[in-house]
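Structural overview for review
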Amino acid sequence: MALTVQNFIKLANLYNQMTMVSSAICVQKGGIAIENYVGRFYLADVLEYVYEYGRRLLENKSVSVPDDVKNVIRRFGEQYERVKNLTTPTQKPIYEMTLEEFERIMNI
């Protein structure tokens, strides 16, 4: 996936939609707290990926990143710092894996 602002916006929208769905699931299951929802680990993994994509986007000097997107990346970084202990531990971060490595780890 080429590093582009448009791709980051799509990933950010995906993450935001997932958090809304997770909240709805918690309500549907009787109002459980999001801290007790088992899907919070997956959300943390997705947030890690989205934030890392944004961080690398900022480091790429050939891409012009608008200020509003920079603010979103910063906010995702703050959110990630709060939940990084929930991410799946691996020898290699998910955003550095090849597709084959990811499939092997996920038993696909």
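Let us look at the structure shown here. (Residues numbered from 1 in each chain as written. Predicted model: local features only at pLDDT ≥ 70, side-chain atom pairs only at ≥ 80, totals over all residues. Heavy atoms only, no water.)

When helices and strands are tallied, the protein chain shows 4 helices and 0 strands. Seen through its principal axes, the protein chain has C-alpha atoms that stretch 50 × 35 × 20 Å. Put simply, 72% of the contacts in the protein chain that link residues at least 6 apart link residues at least 24 apart. Element-wise, carbon and sulfur atoms account for 55% of the exposed surface of the protein chain, whose accessible area totals about 7400 Å². (Helix = DSSP H or I, 4+ residues; strand = E, 2+ residues; numbered from the N terminus. Contact = heavy atoms within 4.5 Å. Areas by Shrake-Rupley, 256 points an atom, 1.4 Å probe, with all protein chains shown as cover.)

The subject of this paragraph is the nonpolar core. Counting 17 residues, the largest nonpolar core has Phe 8, Tyr 15, Val 50, Val 69 and Phe 76 as the members making the most contacts within it. Those elements that provide at least two residues to this core are helix H1 (5–28), helix H2 (40–59) and helix H3 (67–83). Residues contacting Val 69, with those up to four places away along its chain left out, are Val 5, Phe 8 and Ile 9. (Core = buried A, V, L, I, M, F, W, Y, C linked by side-chain atoms within 4.5 Å. Buried < 20%, exposed > 50% of the residue type's maximum accessible area, 1.4 Å probe, protein only.)

Applying the stated criterion across every chain yields a total of 3 aromatic pairs. Measuring from centroid to centroid gives 5.9 Å for Tyr 51 and Tyr 80, while their planes differ by 25 degrees, and the two rings are stacked. Of the two residues, Tyr 51 is situated in helix H2 and Tyr 80 in helix H3; the sequence distance between them amounts to 29 residues. In this structure Tyr 80 comes out as buried when scored by relative accessible area, which is 14%. (Phe/Tyr/Trp six-rings, centres within 6.5 Å; stacked < 30°, edge-to-face > 60°.)

A few words on the environment of Leu 14. Locating Leu 14 in the fold gives a position in helix H1. For Leu 14 and Glu 103, which are 89 residues apart along the polypeptide, the C-alpha to C-alpha distance reads 21 Å.

Packed helix pairs are characterised by how far apart their axes lie and by the angle those axes make with each other. One way to put it is that H1 packs onto H2 with a least axis distance of 10 Å and a crossing angle of 160 degrees. Relative to H2, H1 is oriented roughly antiparallel. Here H1 runs over H2; the crossing is left-handed. On the side of H1, the interface is formed by Val 5, Asn 7, Phe 8, Leu 11, Ala 12, Tyr 15, Met 18, Thr 19 and Ser 22, while H2 contributes Tyr 42, Leu 43, Val 46, Leu 47, Tyr 49, Val 50, Tyr 53, Gly 54 and Leu 57. (Axes fitted to C-alpha atoms, helices over the stretch in contact; angles between N-to-C directions. Parallel < 35°, antiparallel > 145°, perpendicular 65-115°, else oblique. Left-handed = near helix turned anticlockwise from the far one by under 90°.)

Now for the side chain of Ser 22. Inspection of the secondary structure assignment puts Ser 22 in helix H1. By relative accessible area, which is 7% here, Ser 22 ends up buried. When near neighbours in sequence (up to four residues on either side) are disregarded, Ser 22 contacts Ile 34, Tyr 37 and Leu 43.

Between its first and last C-alpha atoms H3 spans 25 Å; for 17 residues at 1.5 Å apiece the expected length is 24 Å, and the two agree. Among the structural elements, H1 and H2 are those in contact with the buried residues of H3. (Expected span 1.5 Å × (residues − 1).)

A separate point is H2. Under the 1.5 Å per step criterion, the end-to-end length of H2 is 28 Å for 20 residues, consistent within 8% with the ideal 28 Å. Listed as buried for H2 are Leu 43, Ala 44, Asp 45, Val 46, Leu 47, Glu 48, Val 50, Glu 52, Tyr 53, Gly 54 and Leu 57. Taken together, the buried residues of H2 touch H1 and H3.

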